[in-house]
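Letter by letter, the chains look like this.
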Amino acid sequence: MKNYVIIGGGVASASCIEGIRQIDKSGKIYLISGEGKPTYCRPLISYYLQGITDFKKMKYRPDEFYTDNNCEMIFGKAEKIDAVNKTVKVGDKTIKYDRLCVATGSSPFIPPFNGLDTVKNKTAFMTEDDALYIEKNISPDTKVLIIGAGLIGLKCAEGLVSKVGSITVSDLATRVLSSILDDKCASYMQKVLEEQGVSFILGDSVSSFDKNTATFNSGKVVDFDLLILAVGVRANISLVKDAGGETNRGIIVNDKMQTSLQHIYAAGDCAEGYDNSINARRVLAILPSAYAQGFTAGINMAGGNKSLNDEFPLNAIGFFGLHALTAGAYTGEMYEEKSDKNIKRLFFNDNKLVGFILIGDVKGAGIYTSLIKNKTFLTENMKKSLEKSPSLAILGSLTRSQKLGGVV
Amino acid sequence: MKKIYVNEKWCLGCHLCEYNCAFANSGETDMVKALKDKEISPRIHVEEDGKITYAVSCRHCEDPVCVKSCISGALSKKDGVVTIDKNKCVGCFTCVLVCPYGAVIPTDKHAAIKCELCLKNACGYPACVKGCPNKAIVYEER
Amino acid sequence: MSINYIYPEFEVVRNPNRCICCRVCERQCANEVHRFDADGKVMLSDESKCVNCQRCVSLCPTRALKIIKSDCVLRENANWQNQTIKEIYKQAESGGVLLSSMGNPNPLPVYFDKILINASQVTNPSIDPLREPMETKVFLGKKPNKIERDKDGNFINNLPPQIELSMPVMFSAMSYGSISYNAHKSLALAAQKLGILYNTGEGGLHEDFYVYGDNTIVQVASGRFGVHENYLQAGKAIEIKMGQGAKPGIGGHLPGTKIVGDVSKTRMIPEGSDAISPAPHHDIYSIEDLRQLVYSLKEATAYKKPVIVKVAAVHNIAAIASGIARSGADVIAIDGFRGGTGAAPTRVRDNVGIPIELALAAVDKRLRDEGIRNNVSLVVGGSIRSAADVVKSIALGADACYIATAALLALGCHLCRTCQTGKCNWGIATQNPELVKRLNPEIGSQRLINLMTAWKHEIKEMMGGMGINSIETLRGNRLMLRGIGLNEKELEILGISHAGQ
């Protein structure tokens, strides 16, 4: 009987359990989690602030998930991996593993701002605790400054805007959501947030903090009551790095989710897998990848054989009812359609769809996604039909009949 | 287990399935009251490929990518049926982004919707199947 | 013509309180009556295009639609009725022959409705069909007059080929071309499941339907469309069509626009060419000529297939039938003047021919009188509308009935009588693939089976009431019938007594 150890209590960890249990129903699974809370998906905390969900509903799996899957929970911080003796040290405990999965996720990155230590009310925006902290420290008059106009910063702004006096979001980049959207699309999304009362300072960075005042490089001065740092995240790689495993921005894994260390796997936001859209390694810190990686790791840990090499960036973001779904790479020839409410951009390369941005009308986006994933060859007519709308017309009658008339 | 299957050979493109679906999931007992002057959000939709038409709804995949991509755990598969817990759903629409059939439908409320075979509503049997005038949509074991 | 003399016949009544603008009516109307006005977000209609087929009415999910007869009428005139005047307007405009479809709609007497069926009371017991066996099976074909034995005294099987039917009803001729592939398939499937026969009509037999051969009558008509050796051998029986009740004395004309794809292939004529069936068979000018064709067909099929000769019910039908009974034919089919059609000149349809009830009674009597009734079986059609019509036909002397309009109604036909336009919204009388697919044979055949099963039950009920447990015993048993409101002459022809006698 194998001993499985999983470090981390997030989504990749849960899917790793599901993967293991698909093959091995009896092996022992130890789960080391520092947060001491049931698994929840981090992005949900902004919806919590907004009041759309609560901690109970946020639970990723039912309460009985861990007991049903015969997992032993060990609350605490994994301090050290001994890859030779195959043990993990947690506090004063040493846990032996046959297969180990590192699903340690990521941590907020806090740049070394001048005077940051003088700011009293400040937090990152990653965990339930962060959300609770924010909730405790706001009133209808609170002036909030959010550093970082990426997904985390903006979702935080969305969650808070109706509950505080003002929100200013700043970013070094000249546009919002710079890693996902280009200028045009970004300004479109920015407008929606501005209409709701969020103000922006873009292409600028804080040069120094002094208690409740931030001074920007441009000389602009912003007073605030609460500072939220959402500059970015860093993969938690140190456990594997220290144990001698190969790391880059994330823990380097192959298509089986194995690290360079024998019997050690990594999955989720801490892992650097393969991005099929750019044919290169990249940390894909998104949920579908976390799930797929964890699940793949689990299968392989339990002796199955599963490869994962069709991952690529997928982002679903939305503010105040305006949704933007994006996928893949924005290279090659672009088809664009724009109206007051919608933007549709499709990127074709080598007669294949390689990426898209949909803002507003996002219905059927998954059909585009699957074409990227399957690298489906597209004729001119198929492209035309895709440009009109995503539909199964693209499959042709025969394949479609099989899909709609058979078991898939 | 029984599922909804579509035979495009018999689809007339009448779109009745969409309206029957919207009605079945409206919670109303009168179709006029449920649908009149409303924009409908059915969980099944009719697509066209030239002159061919066919209805598309959730395939309840063996390996449902929507469930695996759901950030809130709102989507789950039990007894072969993929269902969505609208209380848990926050409306991030990752499921819309990944469903290869376009069968998870975004709504303007904070939740996505999808075909749940009418098992949760008052209809109890897929309304699209019941109302299809030409047996283009069937509910059976395959 | 700048003046439109004819006000639309129907009004499309839409209840705005019920209409949810789902646009099903718009999508389902091949006549393009309905359209959605995006500005006003309402459905609009152009009733001038409406043929009252009620497809929209049937599919409207909120029952927001109904089609009613327009009350905009010309000044009342018992002689110059509205319809008559409108037809004159039409012809004054077009200069053409008026065309119509399906059977004669005019209020001429329906003798079936003036005939009543007997039931047993006291002196002879009725039979409960749910408790006791009832035989509805019939055999069509020539019956030998005497038993023959060989020199050792053994029976010689001298029985000519017979058609076995589980009940005395068959689907009568409707050609592939006049009706759709799916309509044909529905009929074929139902005939097979029911143990009865359907009839190809004169359009040949689609290659897909050869598998239903044992339940098929293959027709040979004046155009000889689709007739070849395999075709003749494919069926259970062969029917020579001499005439049709809806248009006696008239040939057929399927316009070239309908001769497309498989229809052209099945008919063995080039795509786009008009399929013209001559009024007469150009090789038949006498009973002797008919006999030649009958025996040619028998020769071609090794005397294994019964040959049916179908004629329209016209004056002197008894004499005509007598001739046919001597021609070697195994079955005579007689089609009354209410029989349907995919297209016929209105004047012919509405004014030519005689009622099937009278024709049947006259023929049966004549053949009996001449001692040749067993030479042939008699099949009658031309508006058999119910199980009661079947029972009355049998009692008047028929062996079986042909139904077509009733079958089409089961398939969804609403008798709008515009088959000739080819835009049948029910997918029956059309070759437009978008419309043809509206008739799913799985549904269609089941509806036909349901209808026939229901009739069979009813036939048994009525037989049981009369104390008869075999349909053969009912045949020609006119004592079971009484007339009501009929004059002496009519009663004499029908060979029945008046009610109360």
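Residues numbered from 1 in each chain as written. Chains lettered and ligands numbered in written order. Predicted model: local features only at pLDDT ≥ 70, side-chain atom pairs only at ≥ 80, totals over all residues.

Caption draft 1: Expanded view of the overall build of chain A. In terms of regular secondary structure, chain A is built from twelve helices and 26 strands. The C-alpha radius of gyration of chain A comes to 23 Å, within 12% of the 22 Å expected for a compact globule of 408 residues. Relative to its full complement of 408 residues, chain A shows a buried share of 47%. (Helix = DSSP H or I, 4+ residues; strand = E, 2+ residues; numbered from the N terminus. Rg over C-alpha atoms; globule rule 2.2 N^0.38 Å. Buried ≥ 20, exposed ≤ 12 C-beta atoms within 10 Å, placed from the backbone.)

Caption draft 2: Spatial organisation of helix α1 (residues 16-24) of chain B. Buried residues dominate α1 of chain B, accounting for nine of its nine residues. What α1 of chain B keeps buried is the set L16, C17, E18, Y19, N20, C21, A22, F23 and A24 of chain B.

Caption draft 3: Seen up close, the confidence of the model for chain A. Looking at chain A, the pLDDT average stands at 92 and 100% of residues meet or exceed 70. Looking across chain A, the model is least confident in helix α12 (residues 396-405) of chain A, with a mean pLDDT of 89, and most confident in strand β19 (residues 264-266) of chain A, with 97. (pLDDT = per-residue confidence, 0-100.)

Caption draft 4: Spotlight on the interface of chain B and chain C. The interface is formed by 17 residues belonging to chain B together with 16 residues belonging to chain C. Those elements that place two or more of their residues in the side of chain B that touches chain C are α1 and α2 (31-35) of chain B. Looking at the side of chain B that touches chain C, its residues break down into nine nonpolar, four polar and four charged. (Contact = placed C-beta atoms within 7 Å. Nonpolar A, V, L, I, M, F, W, Y, C, P; charged D, E, K, R; others polar.)

Caption draft 5: How the structure looks around the environment of N351 of chain A. All names here are of chain A. Residue placement: N351 occurs in the loop between β25 (343-349) and β26 (352-359). Spatially, the C-alpha atoms of N351 and I152 are 34 Å apart, while their sequence positions differ by 199 residues. If we skip the residues at most four places from it in the chain, N351 touches F377 and L378.

Caption draft 6: Local environment of the interface of chain A and chain B. Of the residues lining the interface, 43 residues belong to chain A; the matching set on chain B comes to 36 residues. If you list the elements that add at least two residues to the side of chain A that touches chain B, you get α2 (44-50), α3 (55-58), α9 (287-301), β22 (314-319), β23 (322-328), α10 (365-374) and α12 of chain A. Grouping the constituent residues of the side of chain A that touches chain B by class yields 24 nonpolar, 13 polar and six charged.

Caption draft 7: Layout of the arrangement of the chains. Contact analysis covers two pairs of chains in contact, and the most contacts occur between chains A and B. Chain A makes no contact with chain C; the smallest distance between any of their C-alpha atoms is 16 Å.

Caption draft 8: Fine view of the sheet that holds strand β16 (residues 226-229) of chain A. Residue and element names in this part refer to chain A. In spatial order, the strands read β9-β16-β10-β11-β12; together these five strands make up an open sheet with parallel pairing. Each end of this open sheet is capped by a strand with a single partner; those strands are β9 (122-124) and β12 (198-202). Strand-to-strand twist in this sheet, taken as the mean axis angle between neighbours without regard to direction, amounts to 20 degrees. Contacting β9 and β16, helix α5 (residues 128-136) crosses the sheet at an angle of about 150 degrees to β9. (Pairing = 2+ DSSP bridges. Axes fitted to C-alpha atoms, helices over the stretch in contact; angles between N-to-C directions.)

Caption draft 9: View of the pairing of strand β21 (residues 400-403) of chain C. Residues and elements named next belong to chain C. Here β21 shows a buried face lined by A400 and Y402 and a second buried face lined by C401 and I403. Where strand β11 (residues 169-171) meets β21, three bridges bridge the pair, whose relative direction is parallel. When the sheet's bridge partners are listed, V169 is paired in β21 with C401. Two elements, strand β20 (residues 377-381) and β21, share two bridges in a ladder whose sense is parallel. What sits directly across from V379, in β21, is A400.

Caption draft 10: Broad picture of the pairing of strand β13 (residues 206-210) of chain A. Residue and element names in this part refer to chain A. Sheet topology places β13 next to strand β14 (residues 213-216); four bridges connect them, and they run antiparallel. From the neighbouring strand, F209 faces β14, where its bridge partner is A214. Taking the residues between adjacent antiparallel strands as the criterion, β13 and β14 are bridged by two residues, where K211 takes a positive phi near 50 degrees.

Caption draft 11: Seen up close, the sheet that holds strand β6 (residues 115-117) of chain C. All names here are of chain C. Taking strand neighbours across the sheet as the criterion, the three strands line up as β6-β22-β23 in an open arrangement whose pairing is mixed. Both outer strands of the open sheet, β6 and β23 (497-498), are each paired with one neighbouring strand and no more. Where β6 and strand β22 (residues 481-483) come together, three bridges link them in antiparallel fashion. By the bridge assignment, L116 is partnered in β22 with R482. On the sheet, helix α11 (residues 387-396) packs against β6 and β22 and is oriented at approximately 95 degrees with respect to β6.

Caption draft 12: Representation of the domain arrangement of chain B. All names here are of chain B. Parsing chain B into structural domains produces domain 1 (1-57 + 115-142) and domain 2 (60-114). With centres defined by C-alpha atoms, the gap from domain 1 to domain 2 works out at 18 Å. By residue class, the composition of the side of domain 1 that touches domain 2 is five nonpolar, two polar and three charged. (Domains from an automatic or database assignment.)

Caption draft 13: Focus on the environment of I324 of chain C. All names here are of chain C. By the secondary structure assignment, I324 is in helix α8 (residues 317-325). Overall, I324 belongs to the buried group, with 28 C-beta atoms counted inside 10 Å. Once the C-alpha coordinates of I324 and S48 are considered, the two residues, 276 residues apart in sequence, prove to be 47 Å apart. If near-sequence neighbours (up to four positions away) are discounted, I324 is found in contact with L290, V309, A329 and I332.

Caption draft 14: Main features of helix α1 (residues 11-23) of chain A. Taking 1.5 Å per residue as the helical rise, α1 of chain A with its 13 residues ought to reach 18 Å, and the 19 Å between its terminal C-alpha atoms agrees with that figure. For α1 of chain A, the tally of buried residues reaches ten of 13 residues, placing the bulk of the element in the interior. (Expected span 1.5 Å × (residues − 1).)

Caption draft 15: Structural detail: the domain arrangement of chain A. All names here are of chain A. When cut into domains, chain A gives domain 1 (3-107 + 233-301), domain 2 (116-229) and domain 3 (321-405). For domain 2 versus domain 3, the distance between C-alpha centres works out to 33 Å. On the side of domain 3, seven residues touch domain 2, which itself brings seven residues to the contact. For the side of domain 2 that touches domain 3, the residue count by class is six nonpolar, no polar and one charged.

Caption draft 16: Inspection of the confidence of the model for chain B at higher detail. Per-residue confidence for chain B gives a mean pLDDT of 94, with 100% of residues at or over 70. With pTM at 0.91, the complex prediction returns an ipTM value of 0.95.

Caption draft 17: How the structure looks around unusual backbone geometry. Residue and element names in this part refer to chain C. Of note in this structure, R23 is not a glycine but carries a positive phi near 70 degrees. By the C-beta count within 10 Å, which is 16 here, R23 ends up partly exposed. For Y303, which is not glycine, the phi torsion reads 60 degrees and is therefore positive. Among the secondary structure elements, Y303 is positioned in the loop between α7 (287-300) and β17 (307-312). On the neighbour-count criterion, Y303 (13 C-beta atoms within 10 Å) is partly exposed.

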